[in-house]
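# Structural overview for review
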Amino acid sequence: MEISRAFSTVSESVAYFFRRPGIGYYIPLYQREYSWDDENIEQLMDDICSGVRDLLDSPDTLHFMGTVILVTENDSENNIKPQDPRALPSRIDNVIDGQQRLSTISLLACCLYQRIYEITAKLPDKDEFEDLKEASDTYLNMLMDFFSVDLMRGKPKRKPIIIRGSIDGWTLNGDDNQHYKSDISSFIANFIRAVDTKSKFTEPRKDSLVADNLKAIKSWLNKVENAHQDSEDFPPAWQILEKINQADLWSYQRPELVELVQERNEKVCSLVQLFAFCYFLLERCCLTLIQPVSQVRAFDMFQSLNATGSPLTALETFKPLVVNVADSEGQGFQNSKFEAYFTQVEKLTSSLSSASSKNKRTNEYLNLFALAYDGNSKKLSKQFSAQRKWLDQTFTECKEISDKEEFIRRMGDTATYCSNLIYLNRRNLPKALPEIDKVSELDRQQAILSIIYLQDAGHKMANTVLSRFYALLIRNEPNADKEFTLACKAVAAFFTLWRSALTNTGLDDVYRNLLRNKMSWKQDNSGLTVEALKTELIEELKKKKIGTKDEWKKKALQYLKYNNAKQVCRFALFVVAHDTIPDPIAPGLMKISRPGSHSYLEPNKWLADDFKSIEHIAPQKSETSANWDAALYENGDYEHIGNLTLLPIEINSSAGNNSWIKKWIYYQYLAEKDNQKLDNLKQEAKQKGFNLKDSTLKLLKDTSQKSHIEPIVQLGATGKWDKDFVENRTERICDILWERMYEWLS
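Residues numbered from 1 in each chain as written. Predicted model: local features only at pLDDT ≥ 70, side-chain atom pairs only at ≥ 80, totals over all residues. Heavy atoms only, no water.

### Observations concerning helix H22 (residues 507-519)
- If you check H22, its first and last C-alpha atoms are 17 Å apart, about what 13 residues at 1.5 Å a residue would give, namely 18 Å.
- In this fold, the buried residues of H22 make contact with helix H16 (355-374), helix H20 (462-474), helix H21 (480-499) and helix H23 (530-543). (Helix = DSSP H or I, 4+ residues; strand = E, 2+ residues; numbered from the N terminus. Expected span 1.5 Å × (residues − 1). Contact = heavy atoms within 4.5 Å.)

### What about the state of the cysteines?
- Counted according to the given criterion, the structure contains zero disulfides.
- Cysteine Cys 285 remains unbridged, with the sulfur of Cys 286 as its closest cysteine sulfur at 7.4 Å. (Disulfide = S-S within 2.5 Å.)

### Brief notes about unusual backbone geometry
- Here Lys 81 and Pro 82 are connected by a cis peptide whose omega angle stands at -15°.
- Locating Pro 82 in the fold gives a position in the loop between helix H3 (76-79) and strand S4 (91-97).
- For the peptide bond that leads from Lys 155 to Pro 156, omega is -10°, which places it in the cis range.
- Locating Pro 156 in the fold gives a position in the loop between strand S5 (148-150) and strand S6 (158-160).
- The phi torsion at Met 152 lies on the positive side, around 65°, for a residue other than glycine.
- Take Met 152: it is sitting in the loop between S5 and S6.
- Given the relative accessible area of 65%, Met 152 is considered exposed. (Buried < 20%, exposed > 50% of the residue type's maximum accessible area, 1.4 Å probe, protein only.)

### Considering the packing of aromatic side chains
- Counted by the stated rule, this structure contains 39 aromatic pairs.
- Between Phe 318 and Phe 395, the ring centres sit 5.5 Å apart and the planes meet at 90°, which makes this aromatic pair edge-to-face. Placement of Phe 318 in helix H14 (residues 314-329) and of Phe 395 in helix H17 (residues 384-396) is noted, with a sequence separation of 77 residues between them.
- Accessibility expressed as a relative area gives 0% for Phe 318, which makes it buried.
- Given a relative accessible area of 1%, Phe 395 falls into the buried group. (Phe/Tyr/Trp six-rings, centres within 6.5 Å; stacked < 30°, edge-to-face > 60°.)

Structural data, given as structure tokens:
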């Protein structure tokens, strides 16, 4: 027998695979259910977004999405169940391997179709937009083939491209929900009907994996759509048109569209960015399709492909080069400094078992190290080949053996930072950093709190600069403990002042410029001082016209809201609770008191259950029966920090959408320390018609830190928590926040 006849193998673009006419994909009953989760979606979407970024610099960029094993069904009448013979595609392929990828790509195509359709529908009815509408129609037609097969009969004529055996059945007509019962096919069938009837796009079944994955996909596509505003994950439209041939995006040169992009037209930019994403998915992502002649051979191949172990990371394949260099140019790798430093790198992933978790951590680490190394690197691609290329080239550029050893040491120092501060169990972080035990306990606590806060706020770029100061610390450089401590506080303060007044736009560039010009590994350590760091950060605030209290406060009074920067609001509430007391002159407000009176700026407090929740005092949903000031809800003023406080989650839930008087009783009970008065409060609540449950009272009584509630209680049961008061409280919070954060910076 000729082996070449047993298997048909071809590697083609994703577009070629899905756009083969008349083919439906059938998942046999014995196959496991759809199981991709957030981690898989994250990897898929990031691979595509990284691919578009790489395409701008490397026109030959491709992304391999894996292998698909299919067996063409030769006996549909007996093997495809349930079935409506009138509705069977002209060819049916059994999916032996690859159903997770194929199903997810179909879902992704639905999401892309919806966004392109909705944005295009909002374009003005003018001649200058006709080319763009034509390009949209082209993409919509292509995407349709990714989730549907055209039977050219029935209502609708298109059917889900993929179904699960014994659960779903292609049907000519009839109720979709009766014939398509798996979460994937049900969603696709309803989506096709919405497209066909031009009706509202339906939502997936609640509490399903498909619903979760669609939400994650849409979150990523939102970044793509808004990349022209601010995005690290995807290039803006003007960069795309500058680097990618227009013939690839929309068949031929269209100067009118380029002009609209140059004018920064929002909808045009969004569509161009979505087109670039589509183009990479359709034409630059590829699959290897294997079609054995029989299912027996298909299963043999499936078992073989899935029993060969986990794929290697770029770090694992980089190690042999390091070993060879140490052996050939140095004193050998074993028991050398090379080995000691590289061991620190390997520890990053040694405790992880799954290939996806190892890849994710490797990606995060290499991106951090590449940025800290020279400040010039764009976000390093998550593609294995790009990571390996960067490591090899950068390492090889080191001419002397001592320089190469230093490069690996720098990798090890950065890995140690990641292990000890980023990936350490959160509950152990308050005890982290024994290296700074000699600094004041207040500074030590506030430095660790700053690190946790920056992580919780998702400010990953802070790690680039802080890892550089940390390297000085573990190398025992003079005053490194104090420098690292103050650097943590300075970066936290800078981030807080920026994000309490501005969006993220331009924030990451601050760190890139700082690293490139003064503080990267390639710049050595001469400019790596807290004094230089603070000077640069203050200068950046001045450039943004928030460098003085008056400038900053003018913007912060409008921007510092729960829905703009949740973690920044939470941190600000900690800052203004720290060492403050009720202001007797202004009931309801706080003022600064003596140091040590009420300590809140501690990592244990940040992590404690007592302060996990941010409470909207005037609730987010206005209840007419609760008599809250209607003015708070006219422009969303209830989101301002002046309407927020810290509460345990359980108490927050209990307080809910109640009236001011009921909430005030909760707060008073929380703030009161006298047991006799607590009993009186319970009776007072009862007289006012509020029955405080014993379980709720226990939660209130057991809360450890309560002083931040005392100023609110001072407003009194008859006080007015209205728009004017929220504005006054917002201003007072901003005054204290600026004073304390600028002190950390200066």
